[in-house]
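An overview of the molecular structure
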Amino acid sequence: MLSEFSEIQGQLKVLCEERSILLDTLRQLEAANIEAESSGIHDGDYQLSKHEYSGIGRGKYSEGSTTESSGDIEKQELEDVSDEDETSFHDTKEHFTEPAVICGSVRGVADHADNQKENENQLDDVERMHADKEDCFSRYAQIERRKKLPDPVEKEKGVSLWSMIKDNVGKDLTRVCLPVYFNEPISSLQKCFEDLEYSYLLDRAYKYGKEGNSLQRILNVAAFAVSGYASSEGRHCKPFNPLLGETYEADFPDKGVRFFSEKVSHHPTLIACHCEGNGWKFWGDSNLRTKFWGRSIQLDPVGVLTLEFDDGEIFQWSKVTTTIYNIILGKLYCDHHGLMHIRGNREYSCKLKFKEQSILDRTPHQVHGSVEDLSGKKVATLTGKWDDCMYYISGDFSGKLKDCNPSNASLLWKRDKPPPNLTRYNLTSFAITLNELTPGLQEKLPPTDSRLRPDQRHLENGEYDRANAEKQRLERRQRMSRKLQENGWKPRWFHQDSENGSFRYTGGYWEAREQGKWDGCPNIFGVFNEEFVDSSE
Ligand SMILES: CC(C)CCC[C@@H](C)[C@H]1CC[C@H]2[C@@H]3CC=C4C[C@@H](O)CC[C@]4(C)[C@H]3CC[C@]12C
């Protein structure tokens, strides 16, 4: 009896050890994967062997360790774990050439922020704003875009990350690939464009500024800066990490914008973007610094976003911190928190605080802030939620935010309703259109466009096995990227400023597209010489 007991005890011990090894592996995989994907988003093999891996003495990944390791060190270590690497995310920057139709009358939507008397009723505001939006849209070309993703060819599989790792126990853990099932059918190049969903706010800001209402201009810019976060609510899958040199174009005359992005570096992962609208240009590039906290992962975007109006007014800001919670157990969700300072080169600047969600918080996702003039005087107060709407009220209400409620404030932005029949990706109606090959588009695209990436296309079609096979093939290719870069590879459409290191669009993409001249755009998704990959590793 006793010996039986001690035998069971022994078995239990072994099981416990095995469990902790598994948990550890899981964490490393997740951290490396997030790191890899979030900015540029990669997927890849995780070379656990490189990172010393043993059940005992798991160091920084041990459960409950909340000591923050320095971002850089952490990143370095994560880089070692995964061959694929880093995380950088978007920035957006671009130009447009012909100023097109300018959105029509703004019909005094809360036109006089400076006019304290104006206490517009919320409903009125929404109606007016919608009329205003409609007005903008009717002046832009109407384009038929899809309303839903294709129906999946194969049945969805209930793969859990845990079962994936469990199945790999005893096998060579040095080369475990996360299946495509954890991805959403969007690349991070496309995800950058999601920030432009509410670009009509910039059209409106341009118009107000032109009419001499600079306060309304900055209020709409602030609403725009917040609106980019709305689509992240309920999204639990990782975007595809583009291959080095992968590009994405979005010609949306129906929104009056033209957007372009390119993955400009693989080590570290960097994406540069450039967008042109009517009367404005928006660009940026950024990298994500990742900190792993055990149960959560913190992403700190590095880099500056720039918005330039054709009349010379410029605004610059950086994105706030994003934390992804419950990466191991529980329901995964993300929160955005920190201070966003929108600096203008003229009269006004704006400070927005994204409040960190706390367990007891009954109203999460809050954003509050104020617009200041050159003397530092607060001239308007902003309040709202990043996943819902933003309001403003003239004057300084920052101390008494309760008075700044929707009944006496004016609406600046309201999020669009989610599409019917949500899939497990929870894409917004806008995101659903981003990977679509509209009729006639394929012939015009360069061979580097994200829409042509086979694994992403297969995932979108719900062909999971084919998607996985292609993903593994492209990941092998991705492994030569470091070598390529060391050998002097340069981005095709952006150049790096030697002073501040930021990437600016060099121009010429749309012109090349016009002529169908894609010289110097390699077939990055095609067949490649595997021998080269192996020798370059
Ligand atoms: C498999 C599981 C563990 C991973 C799920 C990860 C999802 C939730 C992560 C992966 C990459 C992340 C994105 C990476 C970069 C940015 C840019 C930042 O300025 C806003 C948040 C945003 C848009 C993140 C939102 C959350 C995100 C989509």
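Since the model is a prediction, treat every value here as computed from it, not as a measurement. Every chain is numbered on its own, with residues counted from 1 as its sequence reads. In view of the model being predicted, local features appear only for residues whose pLDDT reaches at least 70, and side-chain atom pairs are presented and counted only at 80 or more, with totals across whole chains, interfaces and linings using the full set of residues. Computation of side-chain values: all heavy atoms of the structure, hydrogens and water removed.

Take the overall build of the protein next. Looking only at helices and strands, the protein has 13 helices and 20 strands in total. Residue burial in the protein is summarised as follows: out of 537 residues, 56% are buried. Put simply, 68% of the contacts in the protein that link residues at least 6 apart link residues at least 24 apart. Carbon and sulfur atoms make up 51% of the accessible area of the protein, which amounts to about 23400 Å² in all. Put simply, DSSP marks the helices as runs of H or I at least four residues long and the strands as runs of E at least two long, and each gets a number from the N terminus on. Using a 1.4 Å probe on the protein chains alone, a residue whose accessible area is under 20% of its type maximum counts as buried, one over 50% counts as exposed, and one in between counts as partly exposed. Contacts between residues were defined by any pair of non-hydrogen atoms, one from each residue, lying within 4.5 Å. Accessible surface is estimated by sampling points in the Shrake-Rupley manner with a 1.4 Å probe; for residues, cover comes only from the protein chains shown.

Burial analysis of strand S17 (residues 389-394) places 6 of its 6 residues in the buried class, which makes it a mostly covered element. Burial along S17 is two-sided: Cys389, Tyr391 and Ile393 facing one way and Met390, Tyr392 and Ser394 facing the other are all buried. Between any two strands, pairing holds if DSSP finds at least two bridges. The sheet contact formed by strand S16 (residues 378-385) and S17 spans 6 bridges and is antiparallel. Its bridge partner being in S17, Thr381 is matched across the sheet by Ile393. Relative to strand S18 (residues 410-414), S17 runs antiparallel, the two being bridged by 4 bridges. If you follow Tyr392 over to S18, its bridge partner there is Ser410.

Let's shift gears to the side chain of Thr381. With respect to the helices and strands, Thr381 occurs in strand S16. By relative accessible area, Thr381 is classed as buried at 0%. Here a polar contact is taken to be a pair of N or O atoms separated by no more than 3.5 Å, where protein atoms must pair a possible hydrogen donor with a possible acceptor and residues adjacent in sequence count only if both atoms sit in side chains. One polar contact links the side chain of Thr381 to the main-chain carbonyl oxygen of Gly395, over a distance of 2.7 Å.

Take the packing of helix H6 (residues 200-210) against helix H7 (residues 214-227) next. Contact geometry for H6 and H7: axes closest at 8 Å, N-to-C directions at 170 degrees. Taken as axis vectors, H6 and H7 run roughly antiparallel relative to one another. Considering how the two elements wind past one another, H6 and H7 form a crossing that is left-handed. For the pair H6 and H7, contact is made by Leu201, Leu202, Arg204, Ala205, Tyr206, Tyr208, Gly209 and Lys210 and by Gln216, Arg217, Asn220, Val221, Ala223, Phe224 and Ser227, respectively. All residues other than Ala, Val, Leu, Ile, Met, Phe, Trp, Tyr, Cys, Pro, Asp, Glu, Lys and Arg, Gly among them, are scored as polar; the first ten of these are nonpolar and the last four charged. In terms of residue class, the contact of H6 with H7 is built from 8 nonpolar, 4 polar and 3 charged. Lines fitted to C-alpha atoms define the axes here, with helix axes fitted over just the stretch in contact, and angles between the N-to-C directions of these axes take values from 0 to 180 degrees. For this classification, under 35 degrees means roughly parallel, over 145 means roughly antiparallel, 65 to 115 means roughly perpendicular, and everything else is oblique. Each crossing gets its handedness from the near helix: less than a right angle anticlockwise from the far helix is left-handed, clockwise is right-handed.

Time to look at H6. Most of H6 sits inside the fold, with 10 of its 11 residues counted as buried. For H6, the set of buried residues is Tyr200, Leu201, Leu202, Asp203, Arg204, Ala205, Tyr206, Lys207, Tyr208 and Gly209. Directly beyond the C-terminal end of H6, a positive phi value near 90 degrees is found at Gly212.

Counted as salt bridges are all cases of a side-chain nitrogen of Lys or Arg within 4 Å of a carboxyl oxygen of Asp or Glu. The tally for this structure, following the rule as stated, stands at 23 salt bridges. With its nearest N and O atoms 2.7 Å apart, the salt bridge here joins Glu194 to Arg235. Of this pair, Glu194 sits in helix H5 (residues 188-194) while Arg235 is found in the loop between H7 and strand S4 (238-240), placing the two residues 41 residues apart along the sequence. For the pair shown, Glu194 and Arg235 are each scored as buried. For the salt bridge of Asp449 with Arg451, the shortest nitrogen-to-oxygen distance reads 3.0 Å. An identical accessibility class is assigned to Asp449 and Arg451; each is buried. The network of salt bridges with common partners includes Glu184, Lys191, Glu194 and Arg235.

With that settled, the discussion passes to helix H9 (residues 454-461). Burial runs high along H9: 7 of the 8 residues are buried. Here H9 has its buried residues at Pro454, Asp455, Gln456, Arg457, His458, Leu459 and Glu460. At its buried positions, H9 is contacted by strand S3 (183-187), H5, S4 and helix H10 (464-478). Just downstream of H9 lies Gly462, where phi reads positive at about 75 degrees.

Our focus in this paragraph is the environment of Asp361. One can find Asp361 in the loop between strand S14 (349-354) and strand S15 (366-372). In this structure, the C-alpha to C-alpha distance between Asp361 and Gln496, residues 135 residues apart in sequence, is 43 Å. Filtering out sequence-adjacent residues up to four positions away, Asp361 remains in contact with Lys355, Glu356 and Gln366.

This paragraph deals with the nonpolar core. Note that soluble globular proteins tend to have their nonpolar side chains buried in a common cluster. Buried Ala, Val, Leu, Ile, Met, Phe, Trp, Tyr and Cys residues form a nonpolar core when they are joined through side-chain atoms within 4.5 Å. Ranked by size, the top nonpolar core spans 68 residues in total, and within it Phe193, Trp280, Trp317, Ile342, Leu352, Val371 and Leu382 carry the most contacts. If you look at the next biggest cluster of nonpolar residues, it comprises 13 residues, including Leu270, Tyr505, Ala512 and Cys521.

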